[in-house]
2 protein chains.
Amino acid sequence: MKYETYKKLAGATLGKVKADLVFKNCKVVDVFTGEIVESAIAVKDGIILGVSKSYRGKKEIDLKGAYIAPGFIDAHLHLESTMVAPAELVATAAASGTTTFIVDPHEACNVSGADGINYILNQTEKSPANVFVMLPSCVPATNIDDNGCMFAANDMYPFIGNPRILGLGEVMDDDAVINGDPRMFAKFALFDHLVIDGHAPFLPNRMLSAYKMAGVDTDHEASSFEYALEEVRRGIHVHIREGSAAHNVDDIVSGIVRTGIDTEHFSFCTDDKHIEDILRDGHIVYNIRRSVELGLDPFKAIKMATINSAKCYGLKHLGAISPGYQADLVIFDNMKDFNIIDVYFKGKRIDRNAEIKVRKCPSSLKHTVNIGKVGPEDFALPIRSSVTHVIGMEPKQIVTNDIIEHFHKTDNFVPHDGYLKIAAVERHKNSGKIGVAVTKGYGIRGGAIASSVSHDSHNIIVIGDNDEDIAIAVNEIARVQGGYTVVENGKVFETLPLPIMGLMTDVHFKEVNEKLKVMKDKAYEMGVSDHFDPFITLSFMALTVIPELRVTPRGLYRISHSGAGFIK
Amino acid sequence: MKYETYKKLAGATLGKVKADLVFKNCKVVDVFTGEIVESAIAVKDGIILGVSKSYRGKKEIDLKGAYIAPGFIDAHLHLESTMVAPAELVATAAASGTTTFIVDPHEACNVSGADGINYILNQTEKSPANVFVMLPSCVPATNIDDNGCMFAANDMYPFIGNPRILGLGEVMDDDAVINGDPRMFAKFALFDHLVIDGHAPFLPNRMLSAYKMAGVDTDHEASSFEYALEEVRRGIHVHIREGSAAHNVDDIVSGIVRTGIDTEHFSFCTDDKHIEDILRDGHIVYNIRRSVELGLDPFKAIKMATINSAKCYGLKHLGAISPGYQADLVIFDNMKDFNIIDVYFKGKRIDRNAEIKVRKCPSSLKHTVNIGKVGPEDFALPIRSSVTHVIGMEPKQIVTNDIIEHFHKTDNFVPHDGYLKIAAVERHKNSGKIGVAVTKGYGIRGGAIASSVSHDSHNIIVIGDNDEDIAIAVNEIARVQGGYTVVENGKVFETLPLPIMGLMTDVHFKEVNEKLKVMKDKAYEMGVSDHFDPFITLSFMALTVIPELRVTPRGLYRISHSGAGFIK
């Protein structure tokens, strides 16, 4: 602790003067010993002074026997994936007990590079929570991506030393690691003393060892206990993910309970959790509650949500109730339901009803859709071969199938019988690159849907059954500088602007949500299969790391076990 | 991992080429999960590649079902306190399974400052073990000490960044911490990002909180479970000590077993363990074995000796059997007796019978006794008051009593009836300071014993029943530039030179030990009480932090609960 800070606090710690705030009559969850200590907690200037019944405070709060634990930590998430402004997501999740967020601004970086990262840092600076950043490791995601910015080791260098930067973000390019790509190791060298997050959903035995040996410290992609066990045995710290899309707590925690293995190398994360889900179930507290339901010792669950993550990321002042630690505290009723009574950040109560202030976004980040006007002719798709590869969209999945069809040769394929056109329009550098392909399974009739959210490069993705509406949709996205749009019979039905890098809104969640509901209903009315979220499913159709067919601005791309490449 | 290293190892990790060495058919102690994994371990260039039965090696060793664990870590010890050269102690302990030593060269620093620390670093550079250093935090120990060197924050600065320096050594000056002494906080600021070791045997409640809040991370002075519990509840990592003098395993581990508290924040250390004890019982393995006898889960015990300490000190490559970790391995027969079969350091077997090479010590460190010739008259002790304070030496203790006697007034006190003279002679700067006092309980007759080992300043301490022999003993210590000596009836009976800073020998243990035995026998024959080790007890008689009376070169010093000061 700094000398000046110690001098300010020591009198109160030693009991010579009153603390600012004392929580009396509480059951303190001690994450160091795994005990409940019935005591009082003294706080001054947002710092915990000590745990002792002898403390007196200028303000004293009688918790009447309630439990009090360190604020929860989300060990890995993306703030940009939930459409709302970072400040709103953080404030909402903080009110449910998550007081620390370790975020990877991968999407923002793909659009706007360092400016995108600085945006996330800046927007969350005054949030009622600690927001730390892992620097995106794979921007662009692959060498065939047309994204907004390159973010190499050199670009990372200025961030080193910033106390809010904890390390290198999820390393998705497993091949670059395992094959020893020097550019990846240049990034590893920068973060050798910090933490390197992994992203390895299915590496077998020795490849997983090589990935770990190279320097990867964590992974949040384990979806089965067996795989998580293989990772932890190698010393990889596993973040058990429970978000809006991925639900890994049940399988992994059941395995932990069944085998009784040690849990120090497990943490909790959400990865992506939408605001409506947070409002309904809570945030990291849901991972805790569900784990306890599955039979996990509640202390172990709380440790996965606090000290385990703090230690993993070297956060020496967070994740415990201990002298000198930050007074981030969660008060709840019991160790089964974990109903949150109150949350404190730096010793201040979080007011759930407080207005969430969203800082103004720099103008440059609101002008990221850089294309010329398009017309129907830009989406012409000649059929020259007797074989056409069609992107088969599968219900409730983001993997696609490579369907072989035999269409008549033509100068421009005309959608029919559920065969639609899908296109990816490069939107960062006005390169004019547009890739068009045929897809099946989505189901829209009499219109088009477009979005500027499309992983990982976030070009414009558009789908429709006629070239006119497709062109209208793309021009509409350009007009509002990013967002979602639904076009029906030559007219824009509705548009949800996401002007911040084409990813996020600058208005509040409630407003967005109402408009989004109307747009989704229209999409389903127009024939979109109810097995899909019309926009989220679309956002994965350009992602060239997931099998089997994807459309990119450079054309149709196939990913399979035997290799990957463009289809000529 | 560095790019070049990865490139060298990856082929073998991926199984494309053979490893250097494979341990087959072994029970791997997995400290991450707390399991035994029956598998094989592959090693190349001293690094663990992975754990998998599929590995093949140029050399394969069939362990026939034996257990294999990460090399043990001694979380806190002093190499200089065992008289032998650091290389010998390390090699001896390494053969019994301790492959990492976190040392505090407090004694060397008190005599020779930074040169003393560099000596320890240099002497252990090629040892078959990892030797890390915590920089001594309290040199001199107090502001009334006449030691060899000042070692302030400025002097520490050049060591920052050295990968073998892990932090700040045991902070004994609790008052300086708790009262917010800026000089202490200058040291803390230097080590904020590393580890700060504590030393707080008996701080009550809120003072312990203040001590922790200031920045202290560990303590090895807890001697009861109750106190250890108070420390761990505050987030202080407790090193459970079992050495030659202090035996804390029984009480602390019994408490852990009884209460079932979590053990992640406990480690093992020896603090001081003499070579004969290591040869008889082993080193850290003894802490493990004894803990398991007391009912501790063997996995928890091994974790206290490995990963817990590695994590505490940020040693990311040690303490586990995991890809990329250093191949420091201990092979043993079972999880109860822990009989050591073999020990590997960086993938190389430690040969217990190998000759231990002790590097040449720089000449300056062998010339640290800087005094002029003394005569009997230098030890004259006039009695001017009707009250004389006598240092009462207590059987088997290092605390002393303040005995009030009423001697006749005289120009020079003459020892009689068990009342002896004890003196401390400043030996670093030839200041001529000599403090003389009366002591009782030691028992020597017809001679004197002197030593240059006397905590923490390591001046010459001498005790005897006549001024002539006392002067001879001191001159003898000066002649050999440090050591132990026994003088009988005007003649040196025997001297054990400890020329390295007056603390350590430059010959092998066996030779020292034989001579020491002869000298101790003579001391007992001359009347020294068999409740004392003649030399070790003497070495604490100038230590001004332990109650109640001590002799220093500045005179007689009293330490009590009500305060401390010189007796005029």
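Before any of the text, the structure's been laid out above.
Overview of the structure. Given the structure is predicted, the values throughout are model-derived calculations rather than measurements. Numbering of residues starts from 1 in each chain and follows the order in which that chain's sequence is written. Lettering of chains starts at A and numbering of ligands starts at 1, both following the order in which they are written. In keeping with the model being predicted, local features are shown solely for residues with a pLDDT of at least 70 and side-chain atom pairs are shown and tallied solely at 80 or more, while totals for entire chains, interfaces and linings include all residues. With hydrogens and water set aside, each side-chain value is computed from the structure's full complement of heavy atoms.

So, on to the environment of His199(B). Residues and elements named next belong to chain B. For His199, the position within the fold is in the loop between strand S10 (195-198) and helix H8 (205-214). Between the C-alpha atom of His199 and that of Asp174, which follows or precedes it by 25 residues, the distance is 7.7 Å. In this analysis, two residues are considered to be in contact whenever any of their non-hydrogen atoms come within 4.5 Å of each other. With residues up to four places along the chain from it excluded, the contact list for His199 reads Glu170, Val171, Met172, Asp174, Tyr211, Asp219, His220 and Glu221. A 3.5 Å cut-off defines polar contacts: any pair of N or O atoms within that distance qualifies, except that in protein one atom must be a possible hydrogen donor and the other a possible acceptor, and neighbouring residues in sequence count only when both atoms are side-chain atoms. Side chain to side chain, His199 and Glu221 meet in a polar contact 3.3 Å long. Numbering goes from the N terminus for both helices and strands, where a helix is a DSSP run of H or I of at least four residues and a strand is a run of E of at least two.

On to the pattern of salt bridges, then. All names here are of chain A. Put simply, a salt bridge is a Lys or Arg side-chain nitrogen that is within 4 Å of an Asp or Glu carboxyl oxygen. The tally for this structure, following the rule as stated, stands at 60 salt bridges over all chains. Across the pair Glu230 and Arg233 runs a salt bridge, and its minimum N-O distance is 3.5 Å. With Glu230 and Arg233 both in helix H9 (residues 225-233) and three residues apart, this pair spans about one turn of that helix. Any residue under 20% of the maximum accessible area for its type is buried, any over 50% is exposed, and the rest in between are partly exposed; the area is computed with a 1.4 Å probe on protein chains only. The partly exposed category is assigned to Glu230, whose relative accessible area is 29%. Classification of Arg233 by relative accessible area gives partly exposed; the value is 23%.

The buried count for strand S25 (residues 548-552) of chain B comes to four of five residues, which makes it a mostly enclosed element. Think of it this way: DSSP has to see at least two bridges between two strands before they count as a pair. Where S25(B) folds back onto strand S26 (residues 555-560) of chain B in an antiparallel hairpin, the turn is made up of two residues.

The next thing to look at is the environment of Asn430(A). Residues and elements named next belong to chain A. Take Asn430: it is sitting in the loop between strand S19 (419-425) and strand S20 (434-440). In sequence terms Asn430 and Val551 are 121 residues apart; their C-alpha atoms lie 18 Å from each other. Those residues within four positions of Asn430 in sequence are excluded, and the remaining contacts are Asn370, Ile371 and Gly372. Here the side chain of Asn430 touches Gly372 through a polar contact of 3.2 Å, landing on its backbone nitrogen.

All right, on to the relation of the copies chain A and chain B then. Here the copies were fitted onto each other by least squares, based on C-alpha atoms from residues at pLDDT of at least 70 in both. Under the fitted operation, chain A is carried onto chain B by 0.0 Å of movement along the axis and a turn of 180°, and the coordinates agree to an RMSD of 0.0 Å. Such a turn and shift between the copies fits a two-fold axis. Comparing interface residues between copies, 97% of those in chain A also sit at the interface in chain B, which points to an isologous, same-surface contact.

As a further point, take the pairing of strand S19 (residues 419-425) of chain B. A regular strand carries its side chains on alternate faces of the sheet. All names here are of chain B. Counting buried residues in S19 gives seven out of seven residues, a clear majority hidden from the surface. Burial along S19 is two-sided: the face carrying Tyr419, Lys421, Ala423 and Val425 and the face carrying Leu420, Ile422 and Ala424 are both buried. For S19 and strand S22 (residues 460-464), the ladder comprises five bridges, and the chain directions are antiparallel. Looking across to S22, one finds that Ala423 is bridged to Val462.

Each strand in a sheet pairs with its neighbour through backbone hydrogen bonds, running either in the same direction (parallel) or in the opposite one (antiparallel). All names here are of chain A. Pairing in this open sheet of three strands is antiparallel, and the strands run S25-S26-S27 from one edge to the other. Two strands bound the open sheet, and with one partner strand each, they are strand S25 (548-552) and strand S27 (563-566). Between one strand axis and the next, the sheet turns through 15° on average, direction left out of account. Pairing of S25 with strand S26 (residues 555-560) involves five bridges; the strand directions are antiparallel. Bridged to Leu549 within S26 is Arg558. Fitting a line to C-alpha atoms yields each axis, with helices limited to the stretch in contact; the angle taken between N-to-C directions then spans 0 to 180 degrees.

Residue Asp456(A) is bonded to the preceding His455(A) through a cis peptide linkage, with omega at -15°. Position of Asp456(A) among the secondary structure elements: in the loop between strand S21 (447-451) and strand S22 (460-464). Of the consecutive residues Val139(B) and Pro140(B), the connecting peptide bond is found in the cis state with omega at 0°. Structurally, the position occupied by Pro140(B) is in the loop between strand S8 (130-135) and helix H5 (153-156). Positive phi outside glycine occurs at Lys396(B), with the angle close to 60°. Mapping Lys396(B) onto the fold places it in the loop between strand S17 (388-393) and strand S18 (400-405). When its relative accessible area of 68% is taken as the criterion, Lys396(B) is described as exposed. Even without a glycine there, the phi angle at Asn489(B) is positive, about 45°. Turning to its location among the elements, Asn489(B) is positioned in the loop between strand S23 (483-488) and strand S24 (491-497).

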